[in-house]
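Now for the letters of each chain:
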Amino acid sequence: MKKIFKIFIAVVLFSVLHSPFSASFAQDAEYNLIRHTYKINNDGTMDINFRKEIKLLRNRAITAYADKGETFILYNPAIDQLRINESYTIRKDGSRVQTPQNAFIDQLPSQCTDCGRYNGIRERVVVHTALEYDCIIVLDYTIHRKTQQLQESIVLATDCPVKRHEIIVDLPSTATDRLSISYPVDNKKIKSIDDSHAFHLVATDIEQTIIENYMPANIYPTVEIKYNHNENSQLPSSLSPLPEAENVVTELFDNDPMTYATNIRDYVVDNIHTNDIPLALLDYHVSTPRETFLSGCGTPADKLHLLASMMRQAGFEVQGIEGDIVNVAIRDNGQMLTYGFSASHKNRIRLQGAAIDEQRTISINRDLVWNGNDLGGGYHQMVIPTENGSININPARLTSERKAPLRVRNCNEHYHYKIITPRTPKRILVQPVDISYTKKGIGSIKISIRQPENGPIEVVRELNIDVKDGIVTPKQYKAFRQMMQDWNTYNTVTFKVQTKK
């Protein structure tokens, strides 16, 4: 059976099931079972079935709003028929309590507001009843969808442990060549079962996800399923003109091409409301740039296509849409270079093809005019400025112990400042600083704050972070945390005004 489709092995950074950061936490609940079933029908439709059996262990799982006591099911009545197969609670004494009819509520999802063309989508709220310690909630529902296009990304780990997680795909016998699946195959807790299904995966004893700051992306085992899927990405040549945006594009004009393109990006980010709706609910349809522009709203995919169209309307060469980025060719110093623009965030615009580490090299050498605060008693203090693009790790968010890896952008930052203070009265630096050390596998730090005789205060700050793949491992974490604490602690200059005797 395994030969009827091609398996693409997904490479994941870490597998939480065997990683050193797997840790035991007091969980609010645990899943006895999660099962996803996708059945592709011969008539051009498919049935998506979901079943969960979850045991509630602590008070928070019962009382916290929108946690385990409620289930939210998104569906689109235009293409979906939702059927609740089972919904009940098994109490601790073994008795079964059916969910009453008035506990099923249809409402407009919050992500569909402020955009009329998406107001038909619904969210079925299931309010579970008869909740108590050690009860088990059982919910089973099916969505019959008028499409055969499928793209699912299922993370096997949740915010509480899972005893058994199943994924099943059933296909017509003639359609196996349109299925591609990727999943971690090198884990003993994840097995592909060779049975009557086109695909059947069983994962057991999955530990819960970890809540930490600066977590890497995609560290948990994930299953990717695609069937008959059309990426629906428009080529630049197929982008139609957008004369409706001509006045806006003209108002945003700037003689500097990069500034002009950035102004267009900022307009889309700021003025087009984002409706973060799963594209599966729209049968992967992307609105035309004209629809998105005139309505002032759209999905992230809608906004990407609008941004590409506005860039082209402004005369830029749009080279394509790649993931969540629009690639635009811009002339810089006589060269045509390709930059990636987001339609959702005003993040730093990346030069395509350049290494991230090269992007993070900063070298500053300049004079600073004293701009300090009076602390009283003749003491004054000035905070050393933070430059654009500098490392953004807040040590206050780094716990003393950590068992999860930490994500960081590697950097090579050099700052040399001369702080010009008034000549009279004389000011004496209170606490010179001289720190310099290297941590193997992490990087180096150097901070020097000194005051040469009768000269300005000199500040040298150098930070080099060079960890493999931008990931700080749990073994490296203590040293990295200390480096971040030093970098943020010694970022002020304090002096005392010398009084006449």
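These remarks concern the structure in this document.

Cut-offs used in this document
Residues numbered from 1 in each chain as written. Predicted model: local features only at pLDDT ≥ 70, side-chain atom pairs only at ≥ 80, totals over all residues. Heavy atoms only, no water. Helix = DSSP H or I, 4+ residues; strand = E, 2+ residues; numbered from the N terminus. Buried < 20%, exposed > 50% of the residue type's maximum accessible area, 1.4 Å probe, protein only. Contact = heavy atoms within 4.5 Å. Areas by Shrake-Rupley, 256 points an atom, 1.4 Å probe, with all protein chains shown as cover. Axes fitted to C-alpha atoms, helices over the stretch in contact; angles between N-to-C directions. Parallel < 35°, antiparallel > 145°, perpendicular 65-115°, else oblique. Left-handed = near helix turned anticlockwise from the far one by under 90°. Expected span 1.5 Å × (residues − 1). Pairing = 2+ DSSP bridges. 1 Å grid on protein atoms, 1.4 Å probe; cavity = no way out; pocket = protein on both sides within 12 Å on 5 of 7 lines; lining within 4 Å. Points joined across faces, edges and corners; volume = space filled by probe spheres on them. Phe/Tyr/Trp six-rings, centres within 6.5 Å; stacked < 30°, edge-to-face > 60°. Salt bridge = Lys/Arg side-chain N within 4 Å of Asp/Glu carboxyl O. Core = buried A, V, L, I, M, F, W, Y, C linked by side-chain atoms within 4.5 Å.

**Re the overall build of the protein chain**
A tally of regular secondary structure across the protein chain gives seven helices and 32 strands. Considering the protein chain as a whole, with its 501 residues, one finds that 47% of them fall into the buried category. In the protein chain, of all internal contacts separated by at least 6 residues, the share reaching a separation of at least 24 is 73%. Only carbon and sulfur atoms are counted for the fraction: they give 47% of the accessible area of the protein chain, which is about 26,000 Å².

**A short note on the packing of helix H3 (residues 257-271) against helix H5 (residues 300-313)**
Relative orientation of the contacting elements H3 and H5 amounts to 150°, with a least axis distance of 10 Å. The angle between H3 and H5 places the two elements in the roughly antiparallel class. Every pair of crossing elements has a handedness; the one defined by H3 and H5 is right-handed. On the side of H3, the interface is formed by Ala-261, Ile-264, Arg-265, Tyr-267, Val-268 and Val-269, while H5 contributes Lys-303, Leu-307, Met-310 and Met-311.

**A look at unusual backbone geometry**
One non-glycine residue with positive phi stands out, namely Tyr-284, at about 60°. Relative to the helices and strands, Tyr-284 resides in the loop between strand S16 (273-274) and helix H4 (289-295). For Tyr-284, a relative accessible area of 8% gives the class buried. In the Ramachandran plot, Asp-469 falls in the positive-phi region, its phi being about 60° despite a non-glycine side chain. Within the secondary structure, Asp-469 sits in the loop between strand S30 (457-465) and strand S31 (471-472).

**Let's talk about H3**
Helix length check: H3 (15 residues) gives 21 Å between terminal C-alpha atoms against 21 Å at 1.5 Å per residue, within 8%. Among the residues of H3, Tyr-260, Ala-261, Thr-262, Ile-264, Arg-265, Asp-266, Tyr-267, Val-268 and Val-269 are the ones counted as buried. Where H3 is buried, its residues meet helix H2 (246-251), H4, H5, strand S19 (325-332) and strand S20 (335-341).

**Comments concerning the pairing of strand S29 (residues 443-450)**
Bridge analysis of strand S28 (residues 433-439) against S29 gives seven bridges, and the strand direction is antiparallel. Bridging from a neighbouring strand, Ile-435 pairs with Ile-447 of S29. Connecting the antiparallel pair S28 and S29 is a turn made up of three residues, with Gly-441 showing a positive phi of about 80°. One ladder, built from eight bridges, connects S29 with S30; its direction is antiparallel. Residue pairing for S30: Lys-446 is matched across the bridge by Glu-462.

**Section: the sheet that holds strand S24 (residues 379-383)**
Whether parallel or antiparallel, the strands of a sheet pair through hydrogen bonds between backbone atoms. Spatially, four strands are ordered S23-S24-S32-S27 in an open sheet, and the strand pairing comes out antiparallel. Looking at the sheet topology across the chains shown, the edges are occupied by strand S23 (373-376) and strand S27 (427-429). Averaged over all pairs of adjacent strands, the angle between their axes in this sheet comes to 35°, without regard to strand direction. Sheet topology places S27 next to strand S32 (residues 492-497); three bridges connect them, and they run antiparallel. Following the sheet pairing, Ile-428 is matched in S32 by Lys-496.

**Description of helix H7 (residues 474-489)**
Between its first and last C-alpha, H7 extends 23 Å over 16 residues, near the 22 Å set by a 1.5 Å rise per residue. Along H7, the residues that are buried comprise Gln-476, Tyr-477, Phe-480, Met-483, Met-484, Asp-486 and Trp-487.

**Here we look at the layout of surface pockets**
Counted as a void, the largest pocket has a volume near 980 Å³. Of all elements in the fold, only strand S2 (29-40), strand S3 (46-56), strand S4 (70-75), strand S9 (136-145) and strand S10 (150-155) reach the threshold of two or more residues within the lining of the largest pocket. Looking at the lining of the largest pocket, the element that brings in the most residues is S4, giving five residues.

**What to know about the environment of Thr-37**
Along the chain, Thr-37 turns up in strand S2. Sequence separation between Thr-37 and Asn-49 is twelve residues, and the spatial gap between their C-alpha atoms is 5.0 Å. Those residues in contact with Thr-37 that lie beyond four places of it in its chain are Asp-47, Ile-48, Asn-49 and Ile-168.

**A closer look at the packing of aromatic side chains**
Using the criterion set out here, one finds seven aromatic pairs in the structure. Here the aromatic rings of Tyr-415 and Tyr-417 are separated by 6.2 Å at their centres, their planes lie at 15°, and the arrangement is stacked. Across the pair, exposure class does not vary: Tyr-415 and Tyr-417 are buried alike. Linked through ring pairs, Phe-253, Tyr-260 and Phe-316 together constitute an aromatic cluster.

**Topic: the pattern of salt bridges**
By the definition in use, this model includes 20 salt bridges. Between Arg-366 and Glu-387 there is a salt bridge, with the nearest N and O atoms lying 2.7 Å from each other. On the criterion of sequence distance, the pair formed by Arg-366 in strand S22 (residues 361-369) and Glu-387 in the loop between S24 and strand S25 (406-407) is long-range, its members being 21 residues apart. We classify Glu-387 as buried; its relative accessible area is 15%. One network of salt bridges, with partners in common, ties together Arg-51, Glu-53, Glu-86 and Asp-140.

**Brief notes about the environment of Lys-440**
When you line up the elements, Lys-440 lands in the loop between S28 and S29. Judged by its relative accessible area of 84%, Lys-440 is exposed. With 36 residues separating them along the chain, Lys-440 and Gln-476 place their C-alpha atoms 9.1 Å apart.

**Quick word on the sheet that holds S20**
Pairing in this open sheet of four strands is antiparallel, and the strands run S18-S19-S20-S21 from one edge to the other. In this open sheet, the two strands that pair with only one neighbour each are strand S18 (317-322) and strand S21 (350-351). Pairing of S20 with S21, which is carried by two bridges, proceeds in the antiparallel orientation. Looking at the pairing, Gly-340 lines up with Arg-350 of S21. On the sheet, H3 packs against S19 and S20 and is oriented at approximately 20° with respect to S20.

**Considerations on the nonpolar core**
If you look at the biggest cluster of nonpolar residues, it comprises 47 residues, and the most contacted ones within it are Ile-167, Leu-201 and Ile-225. Here Ile-225 is in contact with Tyr-38, Leu-150, Gln-151, Glu-152, Ile-154, Ile-167, Val-169, Leu-179, Ser-180 and Ile-181, once residues within four sequence places are set aside.

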